[in-house]
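So you can see what is in the structure, the chains are spelled out below.
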Amino acid sequence: MTLAQTERAALADLFDQVGPDHPTLDEGWVTSDLLIHLLIRERRPDAVIGMVIKPLAGWTEKVENGFKELAWAEQVDLFRQGPPTLSLAGIPGVDAVMNSMEHFIHHEDVRRGKQPWEPRTLDEQTNNKIIAMLTSFPMSLSFKKLKTGITVRLPDDRPLAVATGEPRVVLHGEPAEILLWVSGRRTACRVRIEGDEEALRHLELAIAGE
């Protein structure tokens, strides 16, 4: 199974366990909001555009309400089934590209939405997939937004230069913790940041301006 598939299954099980009103790391969202987002994203792309273009927000709301009319268990089951054949994510291979990072991060959004939580112990294969995400072109754009030179230092002391430039900071942590940090979940991950005073101040200002 792909990472997208295993994380989908685990997240669906967690949705069943915690119900629709569980807090998440997504600001202002509980699990019911997150699940509707995931369903629209892969089942109703016609409604996604209304999330960014206000004149079309009414259509998005109508589609959202359609999903909300279903019982929680039915919504979870739709997500567990995976993308429909006619959706973009239903094309062989696309689900893994489109949803591996999405499902992993949102799984942690629910896991860590309420104390207490602990990081998962991930196998080598999963860690390697996350490392590949950290060094991918889309992720490099996320790092560059911080306008700071960044090196990631993994627990085995392996360095990953993820953003060029000066001043430079070093992020210490497991691959998953670094992924959550750069995706904005900075208060709910275990990352240690090292750098001189100027570099740390520069990074702090860049984060504040996001």
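Since we're looking at a predicted model, the values are computed, not measured.

**Considering unusual backbone geometry**
A negative phi angle is the norm for most residues apart from glycine, just as the trans form is the norm for most peptide bonds.
Item 1. Cis peptide bonds are those with omega within 30 degrees of zero, and the linkage from Gln115 to Pro116 qualifies with -5°.
Item 2. Residue position: Pro116 is located in the loop between α5 (94-111) and α6 (124-134).
Item 3. Here the amide bond leading from Glu166 into Pro167 is cis, since omega sits at -5°, within 30 degrees of zero.
Item 4. Note on placement: Pro167 falls in the loop between β2 (159-163) and β3 (168-172).

**Some remarks on helix α2 (residues 31-43)**
What sets the pattern is the α-helix's 3.6 residues per turn: residues three or four places apart point alike.
Item 1. The end-to-end C-alpha distance of α2 is 18 Å, a good match for the 18 Å that 13 residues give at a rise of 1.5 Å each.
Item 2. Among all positions in α2, only Thr31, Leu34, Leu35, Ile36, His37, Leu38, Leu39, Ile40 and Glu42 are buried.
Item 3. Buried residues belonging to α2 abut α1 (3-18), α3 (57-68), α4 (72-81) and α5.

**Digging into the nonpolar core**
If you look at soluble globular proteins, the nonpolar side chains tend to sit buried side by side.
Item 1. Counting 29 residues, the largest nonpolar core has Phe143, Ile150, Val152, Leu171, Ile178, Leu179 and Trp181 as its most contacted members.
Item 2. Of all elements in the fold, only α5, α6, α7 (137-144), β1 (149-153), β2, β3, α8 (175-182) and α9 (197-208) reach the threshold of two or more residues within this core.
Item 3. Per element, the largest residue contribution to this core is 6 residues, and it comes from α8.
Item 4. Excluding residues within four positions of it along the chain, Val152 makes contact with Arg158, Pro159, Leu160, Val162, Leu171 and Ile178.
Item 5. Membership of the second largest hydrophobic core comes to 18 residues, among which are Phe15, Leu34, Val76 and Val110.

**Let's talk about the sheet that holds β2**
Item 1. Ordered in space as β2-β1-β3-β4, the 4 strands form an open sheet in which the pairing is mixed. The open sheet has two free edges, formed respectively by β2 and β4 (192-194), since each of these has just one partner strand. For this sheet the average axis-to-axis angle between neighbouring strands, irrespective of direction, equals 25°.
Item 2. Looking at chain direction, β1 and β3 are connected through 5 bridges and run parallel.

**Considering the pairing of β1**
Item 1. The buried fraction of β1 amounts to 4 of the 5 residues, a majority that puts the element mostly inside the structure.
Item 2. Looking at chain direction, β1 and β2 are connected through 4 bridges and run antiparallel. Residue pairing in the sheet places Thr151 in a bridge with Ala161 of β2.
Item 3. In sequence, β1 turns back onto β2 through a hairpin of 5 residues, with Asp157 there showing a positive phi of about 75°.

**Comments concerning the packing of α2 against α3**
Item 1. Here α2 crosses α3 at 115°, and the two axes come no closer than 10 Å. It follows from the interaxial angle that α2 and α3 lie roughly perpendicular. Here α2 runs over α3; the crossing is right-handed. The segment α2 lies against α3, with Ile36, Leu39, Ile40 and Arg43 engaging Thr60, Val63, Glu64, Phe67 and Lys68.
Item 2. For the contact of α2 with α3, a count of residues per class yields 5 nonpolar, 1 polar and 3 charged.

**Notes on the environment of Thr164**
Item 1. Counting through the fold element by element, Thr164 comes out in the loop between β2 and β3.
Item 2. Each C-alpha atom, one on Thr164 and one on Lys144, is 8.0 Å from the other, the two residues being 20 residues apart in sequence.
Item 3. Beyond its immediate sequence surroundings of up to four residues, Thr164 is in contact with Thr148 and Gly149.

**Topic: the pattern of salt bridges**
Item 1. Going through the model one piece at a time under the given rule, you end up with 18 salt bridges.
Item 2. The partner of Arg8 in a salt bridge is Asp95, and the shortest N-O contact between them spans 3.2 Å. Within this pair, whereas Arg8 is found in helix α1, its partner Asp95 is found in helix α5, the two being separated by 87 residues in sequence.
Item 3. Within this structure, Glu7, Glu108, Arg111, Arg112, Arg120 and Glu177 form a network of salt bridges that share partners.

Calculation criteria
Residues numbered from 1 in each chain as written. Predicted model: local features only at pLDDT ≥ 70, side-chain atom pairs only at ≥ 80, totals over all residues. Heavy atoms only, no water. Helix = DSSP H or I, 4+ residues; strand = E, 2+ residues; numbered from the N terminus. Expected span 1.5 Å × (residues − 1). Buried < 20%, exposed > 50% of the residue type's maximum accessible area, 1.4 Å probe, protein only. Contact = heavy atoms within 4.5 Å. Core = buried A, V, L, I, M, F, W, Y, C linked by side-chain atoms within 4.5 Å. Pairing = 2+ DSSP bridges. Axes fitted to C-alpha atoms, helices over the stretch in contact; angles between N-to-C directions. Parallel < 35°, antiparallel > 145°, perpendicular 65-115°, else oblique. Left-handed = near helix turned anticlockwise from the far one by under 90°. Nonpolar A, V, L, I, M, F, W, Y, C, P; charged D, E, K, R; others polar. Salt bridge = Lys/Arg side-chain N within 4 Å of Asp/Glu carboxyl O.

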